[in-house]
Amino acid sequence: MMRIGLTGGIGSGKSTVARRLRERGAVVVDADQVAREIVAPGSAGLRAVQERFGAGVVGPDGSLDRAALGAVVFGDERSRRELEEITHPLIAARTAELMDGAGDDAIIVHDVPLLVEKHLGPAYHLVVVVDAPTEDRVRRLVEQRGMSEADARARMEHQVSDEQRRAAADVLLDNTGTEDDLVASVDRLWEDRLVPFEHNLRGRVRARRPDVPTLVDYDETWPQQAQRLIERICRGMGELVPEIEHIGSTAVPGLAGKDVIDLQIGVADLHDADAPEFVERLEALGFPRSAGNTMDNVKDEVPDPSMWVKRFHGSCDPGRVVHVHVRETEGAGWQYALLYRDWLRADEQARADYLAEKQRLAATCATTSEYAEAKEPWFNHIWPRMQAWARHSGWHS
Ligand code: ADP
């Protein structure tokens, strides 16, 4: 089951996106609607709220009087917490019920206005943010929803900034064009990314990608992307992942590279990474294990092959290539990846030399595996230089 988090500032077009995704076959769970449902007339939730806050919070028609309740909890931290202690478990249970009932092959879209404010991003396989400039949003709310301009602006002030919301987005849907443009971009997202992602997730297979070594310029968002992936993995794996690091070219500011986010998970012993729970949980998060890739190339300076063992998981998401290397923290492979990254970050000449080597090989190698193989002599060649830097700088992992 794939879970997408959908959010956007008020008036951004989030409901329009949710509607289109539902039309395409997604199961949309609307957080606002669930929050209303659990305190609907006659519900256990409403009874609990009434018991705690008095008969005055229920109107003559038996429904929750939101204004009256708001007046009671407004500015009163303790009351607000008590209200949340009643509502949050009910919301969580109802949300889980709706999601669990959706079926194993469902693409669930959780429509959550305050997803970023509440730091919920790591709970999803993918976060989709609908983005539109403030002035467009105000105009749409006034013209199409009949809101007053002051009300629209006041509501926006209570939400995170567009920049913070963008930083949480795996997918940014730009809604500066027409509503038809927005619908068309939802359709593309659905067909090109969400449907194949779900298919891969269920089949526990990595996304297919062109087997050609293509270098791209450094992308300023790579560290943010890696951080989102790390948070997702940490939330889903808990104590099974004692250490995790962003490594590889995308972890070196300014360096061009293949558009692949490399992460390494550090475990005490690779047996931990072979445990069914470890493998299954990482697969359910969207990172199926690859049967091959159980060794890093042995470097001349540390010839013992047992120091270079690893496990490898790749991403199901056709929109984002991710390699997850699982290594023993006492092994040479773990240390090497960290030292190499830190040396490149620190040494401009090292970056320039490595880039030249990558460009030379990318131009001559036809496939990614050929390219990876051809890079090996370089890694042996720079070993003494890198070690000298480590000694000189006092580096340790
Ligand atoms: P949200 O759910 O993010 O608050 P909506 O999807 O309800 O936003 O959109 C706000 C209003 O703007 C709606 O009336 C919607 O039909 C309209 N709208 C959405 N996208 C566009 C667009 N690109 N151009 C014009 N109007 C739009």
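Residues numbered from 1 in each chain as written. Predicted model: local features only at pLDDT ≥ 70, side-chain atom pairs only at ≥ 80, totals over all residues. Heavy atoms only, no water.

A.B. asks: Got a minute to help me understand the site of the ligand in this structure?
C.D. replies: Close contacts around the ligand come from 15 residues, with Gly 11, Ser 15, Thr 16, Arg 145 and Asn 175 the closest. Considering the ligand on its own, with 550 Å² of exposed area, one finds that the protein chains cover 86% of that surface. Among the elements of the structure, helix H1 (14-24) and helix H6 (134-145) are those that each provide at least two residues to the shell around the ligand. Grouping the constituent residues of the shell around the ligand by class yields one nonpolar, 10 polar and four charged. (Near = heavy atom within 4 Å. Areas by Shrake-Rupley, 256 points an atom, 1.4 Å probe, with all protein chains shown as cover. Helix = DSSP H or I, 4+ residues; strand = E, 2+ residues; numbered from the N terminus. Nonpolar A, V, L, I, M, F, W, Y, C, P; charged D, E, K, R; others polar.)

A.B. asks: Would you take a moment to explain the pattern of salt bridges for this structure?
C.D. replies: If charged atoms from side chains of opposite charge come close, those side chains can pair. Under the counting rule described, the total for this entry stands at 36 salt bridges. Between Glu 191 and Arg 24 there is a salt bridge, and its shortest N-O distance comes to 2.9 Å. Highlighted residues: Glu 191 in helix H9 (residues 179-203) and Arg 24 in helix H1, separated in sequence by 167 residues. Taking relative accessible area as the criterion, Glu 191 reaches 44% and is therefore assigned partly exposed. Arg 24 sits in the partly exposed class, given a relative accessible area of 28%. (Salt bridge = Lys/Arg side-chain N within 4 Å of Asp/Glu carboxyl O. Buried < 20%, exposed > 50% of the residue type's maximum accessible area, 1.4 Å probe, protein only.)

A.B. asks: When you look at the environment of His 125 in this model, what are you seeing that I'm missing?
C.D. replies: Residue position: His 125 is located in the loop between strand S3 (107-111) and strand S4 (126-131). With 270 residues separating them along the chain, His 125 and Trp 395 place their C-alpha atoms 35 Å apart. Here Ala 284 takes part through its backbone oxygen, which lies 2.8 Å from a polar atom of the side chain of His 125. (Polar contact = N/O pair within 3.5 Å; in protein donor to acceptor, adjacent residues only side chain to side chain.)

A.B. asks: For this particular structure, what's the right way to read the sheet that holds strand S6 (residues 243-247)?
C.D. replies: By way of backbone hydrogen bonds, the strands of a sheet pair with one another, either parallel or antiparallel. Ordered by their spatial adjacency, five strands build an open sheet running S6-S7-S10-S9-S8, and the pairing between neighbours is mixed. Each end of this open sheet is capped by a strand with a single partner; those strands are S6 and strand S8 (289-290). In this sheet, strand S10 (residues 322-328) lies alongside strand S9 (residues 310-314) in antiparallel orientation, the contact comprising five bridges. In the strand pairing of S10, Arg 311 is matched with Val 326. (Pairing = 2+ DSSP bridges.)

A.B. asks: It is not clear to me how a negative patch on the surface should be interpreted in this structure. Could you clarify?
C.D. replies: Taken together, the side chains of Asp 174, Glu 179, Asp 180 and Asp 181 make up a negatively charged region of the molecular surface. Element by element, the count of residues in the negative patch is highest for H9, at three residues. Mapped onto the fold, Asp 174 is located in strand S5 (residues 171-174). Look at Asp 174 and you get partly exposed, because its relative accessible area is 49%. (Patch = residues over 30% accessible without salt bridge, like charges linked within 9 Å, V, L, I, M, F, W, Y side chains within 5 Å. Lys, Arg positive; Asp, Glu negative; His and termini not counted. Charge placed at Lys NZ, Arg CZ, Asp CG, Glu CD.)

A.B. asks: Please clarify how the side chain of Lys 310 should be interpreted in this entry.
C.D. replies: In this structure, Lys 310 sits in strand S9. Overall, the relative accessible area of 7% leaves Lys 310 in the buried class. Looking at Lys 310, its side chain comes within polar contact range of the side chain of Asp 296, at 3.1 Å. Of the polar contacts made by the side chain of Lys 310, one reaches the side chain of His 325; its length is 3.0 Å. Sequence-distant contacts of Lys 310, defined by excluding residues within four places in its chain, comprise Leu 270, Asn 293, Thr 294, Met 295, Asp 296, His 325, Val 326 and Arg 327. (Contact = heavy atoms within 4.5 Å.)

A.B. asks: How should the environment of Pro 133 be read in this particular structure?
C.D. replies: On the secondary structure map, Pro 133 appears in the loop between S4 and H6. Sequence spacing of Pro 133 and Gly 11 is 122 residues, and the spatial spacing of their C-alpha atoms is 9.8 Å.

A.B. asks: How do you make sense of the environment of Ala 275 when you look at a structure like this?
C.D. replies: Among the structural elements, Ala 275 can be located in the loop between helix H11 (270-274) and helix H12 (276-284). On the basis of relative accessible area, Ala 275 is assigned to the partly exposed category, the value being 29%. A C-alpha to C-alpha distance of 9.8 Å links Ala 275 and Leu 240, two positions 35 residues apart in sequence.

A.B. asks: What is the right way to look at the packing of aromatic side chains in this model?
C.D. replies: What describes a pair of aromatic rings is the distance from one ring centre to the other and the angle between the planes of the rings. Per the counting criterion, the structure on display carries 10 aromatic pairs. Ring geometry for Tyr 218 versus Trp 222: centroids 5.4 Å apart, planes at 85°, classification edge-to-face. Among the residues examined, Trp 222 registers a relative accessible area of 1% and is labelled buried. Through successive ring pairs, a cluster of aromatic residues spans Trp 308, Tyr 336, Tyr 340, Trp 343, Tyr 354, Trp 378, Phe 379 and Trp 383. One residue, Arg 52, lies across the ring of Phe 53, its end atom 4.4 Å from the ring centre. Note that Lys 299 overlies the ring of Tyr 336, its terminal NZ or CZ placed 5.0 Å from the centroid. (Phe/Tyr/Trp six-rings, centres within 6.5 Å; stacked < 30°, edge-to-face > 60°. Lys NZ or Arg CZ within 6 Å of the ring centre and 35° of its normal.)

A.B. asks: Mind showing me how you'd approach the sheet that holds S4 here?
C.D. replies: Here we have five strands laid out as an open sheet, ordered S2-S3-S1-S4-S5, and parallel in their pairing. Where the open sheet ends on each side, the last strands, each with one partner, are strand S2 (27-30) and S5. This sheet shows a mean twist of 25° between the axes of neighbouring strands, independent of strand direction. Taken together, the five bridges between strand S1 (residues 2-8) and S3 define a ladder with parallel strand orientation. (Axes fitted to C-alpha atoms, helices over the stretch in contact; angles between N-to-C directions.)

A.B. asks: For this particular structure, what's the right way to read the pairing of S9?
C.D. replies: Regular strands place side chains that alternate from one sheet face to the opposite one. By the criterion of burial, S9 is predominantly enclosed, with five of the five residues buried. A two-sided burial pattern is seen for S9, the buried positions comprising Lys 310, Phe 312 and Gly 314 on one face and Arg 311 and His 313 on the other. The pairing of S8 with S9 spans two bridges and is antiparallel. Within the sheet, the bridge partner assigned to Ser 290 lies in S9 and is Phe 312.

A.B. asks: What should I look at first to understand the packing of helix H13 (residues 332-346) against helix H14 (residues 348-364) in this one?
C.D. replies: A pair of packed helices is characterised by two quantities: the angle between their axes and the separation of those axes. Remark: H13 packs on H14, axes separated minimally by 5 Å, with the N-to-C direction vectors making an angle of 110°. Here H13 is positioned roughly perpendicular relative to H14, judged by the angle of their axes. Along the contact surface, H13 presents Tyr 340, Trp 343, Leu 344, Arg 345 and Ala 346, while H14 presents Glu 348, Ala 350, Arg 351 and Tyr 354. Split into classes, the residues belonging to the contact of H13 with H14 amount to six nonpolar, no polar and three charged. (Parallel < 35°, antiparallel > 145°, perpendicular 65-115°, else oblique.)

These values are about where atoms sit, not about what they do.
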